[in-house]
Amino acid sequence: MSDERPEKPLPELRASDADRDRVVERLRDAVAEGRLDMEEFEERLEAAYKSRTYAELEPLTRDLPAEPMPMPASSPVPAAFVSGSAWPARIGGTGTSATAVAVMSGFQRKGRWTVPARFDAVAFWGGGELDLREADFAQREVVINCVAIMGGIQITVPPGVEVDVRGFGLMGAFDQRDSPGPAQPGAPRVVVTGFAFWGGVEIKVKAPKLPPGTPPRKEL
């Protein structure tokens, strides 16, 4: 009896981080080739990081060629989006704002903005959203300090960003359900600290709607 493993992994076998990374890289190539739009890429990327077996990973690239095609010079998606090399250009500068407070109300930071070295967010009987997917970062490591009292704060980061959750919950929680995957070279590190009482802080991972480094569209 041979103990050699089959050429193709059995569907029920558990997938490794390396297996998920290979699928993610193929999906990024597919965006650059124009085979997937950003909405499809975002959905498949989220599914890839949540996959636990080969059976869950395989459908994500089933309709894509096995090997990526060379990316033409006129490709609408910058090569930096595929390689992650745009990160150094997004680190440095002055923070757009350093605080956000919601008292029986809400706050939102999204789109193109610069995250300062330390950002304080407070939600009391209210809610807030911090979307970092298209943001720049004042420095390589930033701290987001959250205080959620009978309220909630949602933080959305793009894949490849290192996230370190250190917050404390009392009848509340700091919840990071999604894995951002392996940290990309040069990507920032986001440290989430703070306190939640009868409230919660949720960290989500979603792909950016625009490739990193894309300038804002001018209104005609």
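In this text, all values refer to a predicted model and were calculated from it rather than measured experimentally.

Draft legend 1. How the structure looks around the packing of aromatic side chains. Applying the stated criterion to the full structure yields five aromatic pairs. Ring geometry for W113 and F119: centres 5.7 Å apart, planes at 70 degrees, overall edge-to-face. Centroid distance F197 to W198: 5.6 Å. Interplanar angle 5 degrees. Geometry classified as stacked. Judged by relative accessible area, which is 26%, F197 ranks as partly exposed.

Draft legend 2. Structural context of the packing of helix 1 (residues 17-32) against helix 2 (residues 38-50). Where helix 1 contacts helix 2, the two axes come as close as 10 Å, and the packing angle between them is 175 degrees. By the angle between their directions, the pair helix 1 and helix 2 is classed as roughly antiparallel. Facing R20, V23, V24, L27, R28 and V31 of helix 1, the residues of helix 2 in contact are M38, F41, R44, L45, A48 and Y49. Tallied by class, the residues present in the contact of helix 1 with helix 2 amount to nine nonpolar, no polar and three charged.

Draft legend 3. View of the nonpolar core. If you look at the biggest cluster of nonpolar residues, it comprises 30 residues, and the most contacted ones within it are L132, I155, V192 and V201. Mapped onto this core, the elements with two or more residues apiece are strand 1 (99-103), strand 4 (118-124), strand 7 (141-149), strand 8 (152-157), strand 12 (189-197) and strand 13 (200-205). With four residues, the top contributor of residues to this core is strand 7. Leaving out residues up to four positions away in the same chain, V192 has contacts with I144, C146, I155, V163, D164, V165, R166, G167, F174, V201 and I203. Ranked by size, the runner-up nonpolar core spans 16 residues in total, among them L27, A30, V31 and F41.

Draft legend 4. Structural detail: the sheet that holds strand 13. Ordered in space as 2-5-8-13-11, the five strands form an open sheet in which the pairing is parallel. The sheet terminates laterally at strand 2 (106-109) and strand 11 (173-176), the two strands that pair on one side only. The mean inter-strand angle of the sheet, taken between neighbouring strand axes irrespective of direction, is 10 degrees. Across six bridges, the pairing between strand 8 and strand 13 is parallel. Within strand 13, the position partnered with G152 by the bridge is G200.

Conventions and cut-offs
- Residues numbered from 1 in each chain as written.
- Predicted model: local features only at pLDDT ≥ 70, side-chain atom pairs only at ≥ 80, totals over all residues.
- Heavy atoms only, no water.
- Phe/Tyr/Trp six-rings, centres within 6.5 Å; stacked < 30°, edge-to-face > 60°.
- Buried < 20%, exposed > 50% of the residue type's maximum accessible area, 1.4 Å probe, protein only.
- Axes fitted to C-alpha atoms, helices over the stretch in contact; angles between N-to-C directions.
- Helix = DSSP H or I, 4+ residues; strand = E, 2+ residues; numbered from the N terminus.
- Parallel < 35°, antiparallel > 145°, perpendicular 65-115°, else oblique.
- Contact = heavy atoms within 4.5 Å.
- Nonpolar A, V, L, I, M, F, W, Y, C, P; charged D, E, K, R; others polar.
- Core = buried A, V, L, I, M, F, W, Y, C linked by side-chain atoms within 4.5 Å.
- Pairing = 2+ DSSP bridges.

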